[in-house]
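What the coordinates show
Spelled out, the chains give:
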Amino acid sequence: MANEADRRCQFYVCKCFTTDNIFLEDYRLHVRFVSEQQLRLDYHIILQEVDRRRRLSVTSAERAAAIKDMYQPLHPHVYYLQESYLSTKLKQIVEYCRSSGATEDGLSDLLEEEAAPRVYHFPVFEKSFCEELVEEMEHFEQSSAPKGRPNTMNHYGILLNELGFDEGFITPLREQYLQPLTSLLYPDCGGRCLDSHKAFVVKYDMNEDLDLSYHYDNAEVTLNVSLGKDFTEGNLYFGDMRQVPVSETECSEVEHRVTEGLLHRGQHMHGALPISSGVRWNLIIWMRASQERNKLCPMCNRKPSLEEGEGFADGFTKQSKDINTSCVLT
């Protein structure tokens, strides 16, 4: 029987009960309902993104053709890799990796390992090359040529395959200089059999993107090179592998200096802190191993369901190496 205090007290429900913490079982996700208008807006945004992804191969090929036809490069030589662009340190590291007695421990002695496990940094390019590459990117950015976003998280940047960098620059960089390192450092996640990539530059500016949220990459191994220009703050931070819950993760901050690259596993969760002044450009190379991703799509955690794509697509292959495919689930 209720006591007298209970009879006098009126109990209530918080209004958030009807709108917050709604569990969508199919997605294993809790969401918050703001308004019907917001729901329709979010739904429209999702539909737009799905449509963009479905048309991506066609629109990317169209942009590449238009760029080739109408854009005049400022520095045509930067489209073709030359050893003189590379830092002396990187050439020494690669020479060691190619030697018959090279080991992971020996390579680690030549690299600086960050506080985050298996994250390494080393000088990649000469500063003069970084400056010329940034000038080329700014020249293209200011042109009337069509441009596509690098991904859904970065609003400002350039897809380097559309600009014509793949064949003469990124592919030889990956095959001749990066794979010798990844073979020793990441044999457990495809480092020995990298056979494709996606390369792009991203831009951070006080009036544009300032930072990058916590995420993982659609890659087996990632190289992130700081190109410049002048900026303050904006360090990267690394947590754990994506399978580890955020509640069990401690993040480590990593300084990212101009000309230097950070090499890490693609599934290693990370983000970029906001810059506090200036403009920052980064070169990102997502390196992929079809031998690994053909077993399990890194984005949907399922056996990939494939459709044909342009160029390297998402790095999946069928029986023939000549067929490049994308996972339709991502």
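The structure displayed is predicted, hence computed values, not measured ones.

Digging into the UniProt feature "domain: Fe2OG dioxygenase" (unreviewed entry) in the chain
The feature "domain: Fe2OG dioxygenase" (unreviewed entry), as given by UniProt, occupies residues 195-289 in the numbering adopted here. In residues 195-289, helix accounts for 0% and strand for 62%; the two terminal C-alpha atoms are 6 Å from one another.

What about the sheet that holds strand β10 (residues 236-241)?
Pairing is antiparallel across the open sheet formed by 4 strands, whose spatial order is β7-β13-β10-β11. Every interior strand has two partners, whereas the edge strands, β7 (212-215) and β11 (252-254), have only one. Ignoring strand direction, the axes of neighbouring strands in this sheet form an average angle of 25°.

Some words on the pairing of strand β4 (residues 120-123)
The pairing of strand β3 (residues 112-113) with β4 spans 2 bridges and is antiparallel. In the strand pairing of β4, E113 is matched with Y120. The antiparallel pairing of β3 with β4 creates a hairpin that spans 6 residues between the two strands, and R118 there sits at a positive phi of about 60°.

Considering the nonpolar core
Among the nonpolar cores identified, the biggest contains 53 residues, and F125, F165 and L227 are the most heavily contacted of them. Within the residue set of this core, elements represented by two or more residues are α4 (88-98), β4, α6 (127-141), α7 (160-163), α8 (166-185), β6 (196-205), β8 (221-228) and β14 (275-288). Tallying contributions element by element places α8 first for this core, with 8 residues. Not counting the four nearest positions on each side in its chain, F125 is found in contact with Y85, L86, S87, C130, F169, L173, V225, L227, T259 and L283. If you look at the next biggest cluster of nonpolar residues, it comprises 11 residues, including L159, V202, A272 and W286.

Some points on the packing of aromatic side chains
A complete count under the given rule lists 10 aromatic pairs for this structure. Both rings, one in Y71 and one in F140, keep their centres 5.1 Å apart while their planes meet at 85°; by these two values the pair is edge-to-face. Remark: F140 occurs in helix α6 and Y71 occurs in the loop between α3 (56-70) and α4; sequence separation between them is 69 residues. One exposure class covers both Y71 and F140, and it is buried. Arranged with centres 6.4 Å apart and planes meeting at 65°, the rings of Y120 and Y186 form a pair that is edge-to-face. Taken together, the residues Y120 in strand β4 and Y186 in the loop between α8 and β6 connect sequence positions 66 residues apart. The residues Y120 and Y186 share a single accessibility class, namely buried. Here the aromatic residues Y79, Y85, F125, F129, F165 and F169 are joined through ring pairs into a cluster of three or more. Taking NZ or CZ as reference, R242 lies 4.7 Å from the ring centre of Y216, over its face. Against the face of F316 rests R293, its NZ or CZ located 5.2 Å from the ring centre.

Concerning the pattern of salt bridges
Counted by the stated rule, this structure contains 16 salt bridges. The shortest N-O distance in the salt bridge between E220 and R293 comes to 3.0 Å. Separated by 73 residues along the polypeptide, E220 in the loop between β7 and β8 and R293 in helix α9 (residues 290-293) bring together distant segments of the chain. Grouping residues by exposure puts E220 and R293 together as buried.

Describing the side chain of D205
In this structure, D205 sits in strand β6. Although D205 is buried, it makes no salt bridge; K203 carries the closest opposite charge, 4.5 Å away. A polar contact is formed between the side chain of D205 and the backbone nitrogen of N207, at a distance of 2.8 Å. Beyond its immediate stretch of four places on either side in the chain, D205 contacts L210, I275, G278 and V279.

Side note on the environment of H215
Along the chain, H215 turns up in strand β7. Classification of H215 by relative accessible area gives buried; the value is 11%.

About the cut-offs
- Residues numbered from 1 in each chain as written.
- Predicted model: local features only at pLDDT ≥ 70, side-chain atom pairs only at ≥ 80, totals over all residues.
- Heavy atoms only, no water.
- UniProt positions renumbered as here; feature names shortened; annotations may be inferred.
- Helix = DSSP H or I, 4+ residues; strand = E, 2+ residues; numbered from the N terminus.
- Pairing = 2+ DSSP bridges.
- Axes fitted to C-alpha atoms, helices over the stretch in contact; angles between N-to-C directions.
- Core = buried A, V, L, I, M, F, W, Y, C linked by side-chain atoms within 4.5 Å.
- Buried < 20%, exposed > 50% of the residue type's maximum accessible area, 1.4 Å probe, protein only.
- Contact = heavy atoms within 4.5 Å.
- Phe/Tyr/Trp six-rings, centres within 6.5 Å; stacked < 30°, edge-to-face > 60°.
- Lys NZ or Arg CZ within 6 Å of the ring centre and 35° of its normal.
- Salt bridge = Lys/Arg side-chain N within 4 Å of Asp/Glu carboxyl O.
- Lys, Arg positive; Asp, Glu negative; His and termini not counted.
- Polar contact = N/O pair within 3.5 Å; in protein donor to acceptor, adjacent residues only side chain to side chain.

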